[in-house]
Amino acid sequence: QEDKERKIAILDIDGVLADYPGDFIDYFNYTLKSSHSTLDEVKKDRETYERIKSSYRAYGRKKDMGVKQGAIEFTHKLSDLGYTIILLTARPYEKYLRIYQDTLQWLRKNDIKHDAIIWDREKAKYIIKNLKNNNVVFCVEDEIPNALELSPVFPTYLVRNRKLYNPAYFDGSNEERIMCDSGIMVIDSLKEIEI
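Anyway, here's the lowdown on the structure attached to this text. Worth saying up front: this structure is predicted, and the values here are computed from it rather than measured.

A count of helices and strands for the protein chain gives eight helices and six strands. Starting at the N terminus, the α and β elements of the protein chain follow one another as β-α-α-α-α-β-α-β-α-β-α-β-α-β. Sorting the 195 residues of the protein chain into buried and exposed places 48% on the buried side. When contacts within the protein chain are restricted to residue pairs at least 6 apart in sequence, those whose partners lie at least 24 apart make up 69%.

So, in structure tokens, the structure goes:
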């Protein structure tokens, strides 16, 4: 296939493929002997959150993160169907030098199919600027602000991540408003995406 005709799927790593923030919350709770269940709770004490997150990144925990259910199979199916798979991450590899290698090791170890990785703190802006005239079939995000930024340009799925946001966020009217106002398709699992 010519590059312009090749179908592109854009997938966020953390929260879509990797078990984040679940893994970080577990690390946080273990470190502080606490029992938080969402990232919103963990972030209440910003100074402690930043200190523990820095430790989490610096000591290589990213290479051993869990994989979201169905993620491996989903990337294999995309690959088998001839998609170009572009992964997105805002992981600060320039600040924590090991994050780059830890991420690549995690992808290899878990056999996550991909053709490219975009590393950018403002990943949504980057792909809109650089990929809007390409054959992007869909994007998958787990963070609402990124999904809202992507959805006017690309078909966008938002994976419900009850560990990222307060669980009440996805109950009732908020979810309906997101879908109606922006065209974002809210899903529980990658299996819900028809490819």
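By size, the foremost hydrophobic cluster in this structure holds 39 residues, and its most contacted members are Leu11, Leu17, Phe24, Phe138 and Val140. In contact with Leu17, other than residues within four places in its own chain, are Leu11, Asp12, Gly66, Val67, Lys68, Ala71, Thr75, Leu87, Trp106, Ile112 and Leu190. If you look at the next biggest cluster of nonpolar residues, it comprises 13 residues, including Ile118, Ile127, Cys139 and Phe154.

This next bit is on unusual backbone geometry. The residue after Tyr20, namely Pro21, is reached through a cis peptide bond having omega 10 degrees. Inspection of the secondary structure puts Pro21 in the loop between β1 (8-12) and α1 (22-32). A positive phi angle, near 55 degrees, is found at Lys33, a position not held by glycine. Checked against the element boundaries, Lys33 lands in the loop between α1 and α2 (39-42). Lys33 sits in the exposed class, given a relative accessible area of 68%.

Inspection of the entire model under this criterion finds eleven salt bridges. Residue Arg98 is joined to Asp102 by a salt bridge in which the shortest nitrogen-to-oxygen separation is 2.7 Å. Placement of both Arg98 and Asp102 in helix α5 (residues 98-109) is noted, with a separation of four residues, approximately one turn of the helix. Overlapping salt bridges, with partners in common, bring together Asp12, Lys123 and Glu141 in one network.

Taking 1.5 Å of rise per residue, the 13 residues of helix α3 (residues 46-58) would be expected to cover 18 Å, and the 18 Å separating its terminal C-alpha atoms lies within 8% of that figure. Looking at α3, one finds that the buried residues are Thr48, Tyr49, Ile52, Lys53, Tyr56 and Arg57. All buried residues of α3 project into a common sector of 160 degrees when viewed along the axis, lining one side. Tucked inside the fold, the buried residues of α3 contact α1, α2 and α5. Gly60, located one to two residues past α3, shows a positive phi value of around 80 degrees.

Bringing the side chain of Ser151 into the picture now. In this fold, Ser151 is placed in the loop between α7 (144-150) and β5 (156-159). From its side chain, Ser151 meets the backbone oxygen of Leu148 in a polar contact 3.3 Å long. Residues in contact with Ser151, not counting those within four places in the same chain, are Thr156, Ser182 and Ile184.

Glancing now at α5. With twelve residues, α5 should cover 16 Å at 1.5 Å per step; its first-to-last C-alpha distance of 16 Å lies within 8% of that length. Residues of α5 that are buried include every one of Ile99, Asp102, Thr103, Leu104, Trp106 and Leu107, and no others. Those residues of α5 that are buried are in contact with α3, β2 (84-89) and β3 (116-119). At the C-terminal side of α5, Asp111 shows a positive phi close to 55 degrees.

How each quantity is defined
- Residues numbered from 1 in each chain as written.
- Predicted model: local features only at pLDDT ≥ 70, side-chain atom pairs only at ≥ 80, totals over all residues.
- Heavy atoms only, no water.
- Helix = DSSP H or I, 4+ residues; strand = E, 2+ residues; numbered from the N terminus.
- Buried < 20%, exposed > 50% of the residue type's maximum accessible area, 1.4 Å probe, protein only.
- Contact = heavy atoms within 4.5 Å.
- Core = buried A, V, L, I, M, F, W, Y, C linked by side-chain atoms within 4.5 Å.
- Salt bridge = Lys/Arg side-chain N within 4 Å of Asp/Glu carboxyl O.
- Expected span 1.5 Å × (residues − 1).
- Arc of directions from axis to C-beta.
- Polar contact = N/O pair within 3.5 Å; in protein donor to acceptor, adjacent residues only side chain to side chain.

Geometric descriptors of this kind do not, in isolation, establish any biological role.
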